[in-house]
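Survey of secondary and tertiary structure
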Amino acid sequence: ARPELLDVDAQWGGGRVRGATIELGALPQEEAGRLVDVLLAEAALSPEVRSDVLAKTEGNPLFVEETVRMLAEGAEGRIPIPDTVQALIAARIDGLPRAARLLLRRASVIGRVFWRGAVAHLSNDGDDVDDVIELLLLREFLVRETHSTIGGEDALRFKHVLIREIAYSGLTKLSRAELHAAFAAWLRERGVEELVEIRAFHLDRATSLRTELEGVVPSELTQETAEALETAGLRALAREANRSGRTLLLRAVPPGSRVAIGVRPICA
């Protein structure tokens, strides 16, 4: 991991006998230059932009890749280069056709990995999902997964977690709430019991977002969320994931009722 990891979790890796921490800094100038040269050649861009790319990216490999891709998508490789990776990825997303932007944002609600059928379920505007996915694969926003955890469904993955996070940030809270609930409905239709914890998570997110926005949640959504969280909690306890199970069960119960539940199933 890069040094920022320790800002988030200073104790990471503690106590691991066979563990070692290796900080990944920026690439040295020479190696960054070699990476830029290869990517510029692959993108058929003029070597004249080399110095601009190196100056802006400062040896960050992800920044180098995204910068060259953005230049390749621009007019004659001469568009301004944003100052941060986040701004760069956001600019690339904004430069996509509307259908591709929408699909990317809808898929971001599902997670880093998502399924073609799920994103088609979330898309109700008549766009050809397969054509849009092919465009996003070509632009290297997405990659195909070799295996899928849902039988009969093609799985895809955001190439970088930052792409997923920035796509998600482009949605309003109301859109997020609606899409989380819609994806949970798609999971319910699949009827795969192993997915109940994923479904519970998305229903919980939909409920939380609606609470933040409106202060109240439709009773049907509240009931469905509570039932999904309870089922997921009991499944977690059954496989002895007690901490996770307790958290899910507590989420299933209104705050004013929590004293009466929780400890007994954990201790059983």
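The preceding data block contains the structure.
Throughout what follows, the structure given in this document is the object of discussion.

Conventions adopted
Residues numbered from 1 in each chain as written. Predicted model: local features only at pLDDT ≥ 70, side-chain atom pairs only at ≥ 80, totals over all residues. Heavy atoms only, no water. Helix = DSSP H or I, 4+ residues; strand = E, 2+ residues; numbered from the N terminus. Buried < 20%, exposed > 50% of the residue type's maximum accessible area, 1.4 Å probe, protein only. Polar contact = N/O pair within 3.5 Å; in protein donor to acceptor, adjacent residues only side chain to side chain. Contact = heavy atoms within 4.5 Å. Core = buried A, V, L, I, M, F, W, Y, C linked by side-chain atoms within 4.5 Å. Arc of directions from axis to C-beta.

Structurally, the position occupied by E66 is in helix α4 (residues 61–73). A residue is classified by how much of its surface remains accessible, and E66, at 0% relative accessible area, is buried. Polar side-chain contacts of E66 include one of 2.5 Å to the side chain of R92.

Here we come to the environment of M70. Tracing the backbone shows M70 in helix α4. With a relative accessible area of 10%, M70 lands in the buried category.

Here R105 lies in helix α6 (residues 98–110). Once residues lying within four places of it in the same chain are set aside, the contact partners of R105 are I93, D94, A167, G170 and L171.

Before going further, it helps to spend a moment on the nonpolar core. Ranked by internal contacts, the top residues of the largest apolar core, which has 43 residues, are L104, F114, W115, L136, F141, L142 and F183. Counting residues per element, this core draws most heavily on α6, which supplies six residues. With near-sequence residues (within four places) excluded, L136 lies in contact with L96, A100, L103, L104, F141 and L142.

Among all positions in helix α8 (residues 129–138), only V129, V132, I133, L136 and L137 are buried. Looking down the long axis of α8, one finds its buried residues gathered within 140° of arc, a one-sided arrangement. Facing away from the buried surface of α8 by more than 90 degrees, the exposed residues are D131 and L138. The N-cap of α8, judged by a side-chain oxygen 3.0 Å from the amide nitrogen of D130 a few residues on, is D128. Just past α8, the residue E140 takes up positive phi, approximately 65°.

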